[in-house]
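Coordinate inspection notes
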Amino acid sequence: MRSVYLDYAATTPMDERVIAAMLPYYREIFGNPSSLHYFGQQAEAALEQARRTTAVCLGASPEELIFTGGGTESDNLALRGVALQRRRLHSASHLLISPVEHHAVLHTARQLADEHGFELEFLPVDEYGFVSPRDVHARLRTTTALVSVVYAQNEIGTINPVSEIAALCRERGVPFHTDAVQAAAHLPIPRASDLADLLSIGAHKFYGPKGVGALFIRRGVAIQPVQTGGSQEGGLRAGTQNVAQIVGLAEAFRLTRLELDQHASRLVLLRDRIIQGVLEKVPNARLTGHPVMRLPNHASFVFEGVDGNTLLMLLDGAGFACSSGSACKSGSPKPSAVLEAIGLAPSWSLGSLRVTLGRTTGEDDVEGVLKVLPALVEKARRR
Ligand SMILES: *Cc1c(COP(=O)(O)O)cnc(C)c1O
């Protein structure tokens, strides 16, 4: 049976053009970019070309980019690297993050609090998971080491006003990080430095390879390495660079930026068709996240009294691969922290569904899932 993939926020298939761009670096151009000889020079040239391409996509300069092992690692480096350095230099010990961060940010901040004595404060969010710049302003302290707010939220799709938050933080001299791992696939980023001092991306969310990402670090931001060793990546990320994967990230990002508008305008229509269809056809259903300020490919819902995992299994059985939006796959049902933060009671938040669309999603896929969903939701209602 053919299954329809509707989980593009979890990962995307690799673009054939990206695979083609990577292949030479698994074969003939295999040198270590740190080597002095011809083979090393070739690899280094590819690495630095990829850095320039990625920098252009972010409106940044190449020296402001560090390649990492993925979105999670970029988040880790940003939080841990800046927090520890700011404490060393300025005795700053206060961390301010939103309650709707990806685990890569949340669990890193928790560890900084639990193991390294930082004071962790959570910003409030509204019913859409939206962070207000005013609330950031009110909580900034001279001892704030770092602020982190996700650009586009992965579970509920809401887009945060990061440029306003960045401006407020800059006024106070506090570094601001944003996790743009979802946003990079869909939203324009004319100049990264207008959005944040540090910005994380990961290639597999935009049709590139898994296990490679980048961190934009605005010139002048004080940061220390998390992974120590050789002097690669300006001493901030030791270890021989994965040249093929980095070339893949750059090519995937370049193509994504090039084709951004074309895909976004088509996806928005499909997304709104799903949202309208679900709210019309399924009783006791609610949209989660902001109705307008949301990712163009992202529709997310909660259904009262429904077991989310049962619903996902029923959908999978009917040939539709969707997600609940939270990373929890198994075990005892626990409400997602993000859905809790936007004020949903467990009777609603345990029944979550995320449908995320991509380049090959068609109208027939959308109509197909809308056709089967109402009956499957009724089946998954716990009574
Ligand atoms: C997927 C994702 C991550 C993690 O990125 P990986 O490259 O899978 O490590 C971090 N933040 C957000 C918002 C994501 O969607």
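Residues numbered from 1 in each chain as written. Predicted model: local features only at pLDDT ≥ 70, side-chain atom pairs only at ≥ 80, totals over all residues. Heavy atoms only, no water.

As a structural note, the neighbourhood of the ligand is formed by Gly 70, Gly 71, Thr 72, Asp 75, His 102, Asn 154, Asp 179, Val 181, Gln 182, His 204 and Lys 205. Here Lys 205 contributes a side-chain N or O atom positioned 2.7 Å from an oxygen atom of the ligand. Compared with its free state, where it exposes 390 Å², the ligand has 87% of that area covered by protein. Ranked by the residues each element gives to the shell around the ligand, the list is headed by helix H3 (residues 71-90), at three residues. A breakdown of the residues in the shell around the ligand according to their chemical character gives one nonpolar, seven polar and three charged. (Near = heavy atom within 4 Å. Polar contact = N/O pair within 3.5 Å; in protein donor to acceptor, adjacent residues only side chain to side chain. Areas by Shrake-Rupley, 256 points an atom, 1.4 Å probe, with all protein chains shown as cover. Helix = DSSP H or I, 4+ residues; strand = E, 2+ residues; numbered from the N terminus. Nonpolar A, V, L, I, M, F, W, Y, C, P; charged D, E, K, R; others polar.)

Time to look at H3. Side chains that are three or four residues apart share a direction in an α-helix, a result of its 3.6 residues per turn. In this model H3 runs 28 Å from its N-terminal to its C-terminal C-alpha over 20 residues, within 8% of the 28 Å that 1.5 Å per residue would give. The element H3 is extensively covered by neighbouring structure, given that 14 of its 20 residues are classed as buried. Where H3 terminates, the next one or two residues include Ser 91, which has phi positive at roughly 55 degrees. (Expected span 1.5 Å × (residues − 1). Buried < 20%, exposed > 50% of the residue type's maximum accessible area, 1.4 Å probe, protein only.)

All right, on to the environment of Arg 257 then. Mapped onto the elements of the fold, Arg 257 is located in helix H8 (residues 243-258). Accessibility expressed as a relative area gives 16% for Arg 257, which makes it buried. Each C-alpha atom of the pair Arg 257 and Cys 57 lies 6.7 Å from the other, and the pair is 200 residues apart in sequence. Once residues lying within four places of it in the same chain are set aside, the contact partners of Arg 257 are Cys 57, Ala 183, Ala 184, Ala 185, His 186, Leu 187, Pro 188 and Ile 189. At a separation of 2.4 Å, a polar atom in the side chain of Arg 257 contacts the main-chain carbonyl oxygen of Ala 184. (Contact = heavy atoms within 4.5 Å.)

Strand order in the open sheet made by the three strands is S9-S10-S12, with antiparallel pairing throughout. Of all strands in the sheet, those bounded by a partner on one side alone are strand S9 (285-287) and strand S12 (352-356). Shown here is a sheet whose adjacent strand axes are inclined to one another by a mean of 25 degrees, direction ignored. Bridging between strand S10 (residues 298-303) and S12 involves five bridges; their strand directions are antiparallel. Bridge pairing in S12 links Phe 301 to Leu 353. Where helix H9 (residues 260-281) meets the sheet, it contacts S9, S10 and S12, and its direction lies at approximately 15 degrees from that of S10. (Pairing = 2+ DSSP bridges. Axes fitted to C-alpha atoms, helices over the stretch in contact; angles between N-to-C directions.)

The subject of this paragraph is the sheet that holds strand S7 (residues 198-202). Sheet architecture is open: seven strands sit in the order S2-S8-S7-S6-S5-S3-S4, paired in mixed fashion. Bordering the open sheet on either side are strand S2 (65-68) and strand S4 (119-122), each of which pairs with just one other strand. Averaged over neighbouring strand pairs, the angle between their axes works out to 20 degrees when direction is ignored. When strand S5 (residues 144-148) meets strand S6 (residues 176-179), the two strands line up parallel, connected through two bridges. Note on S6: the bridge partner recorded for Ser 148 is His 177. On the sheet, helix H2 (residues 38-58) packs against S2, S7 and strand S8 (213-217) and is oriented at approximately 115 degrees with respect to S2.

As a further point, take the nonpolar core. Ranked by internal contacts, the top residues of the largest apolar core, which has 59 residues, are Leu 58, Val 136, Val 147, Tyr 151, Phe 176, Leu 199 and Phe 206. Residue contributions to this core peak at six residues, all from H8. Discounting residues that sit within four places of it in the chain, Tyr 151 has contacts with Thr 158, Ile 159, Asn 160, Val 162, Thr 178, Asp 179, Ala 180, Ala 183, Leu 187, Pro 188 and Leu 195. The next biggest cluster of nonpolar side chains, apart from the first, holds 28 residues, and it includes Leu 267, Val 306, Leu 357 and Leu 370. (Core = buried A, V, L, I, M, F, W, Y, C linked by side-chain atoms within 4.5 Å.)

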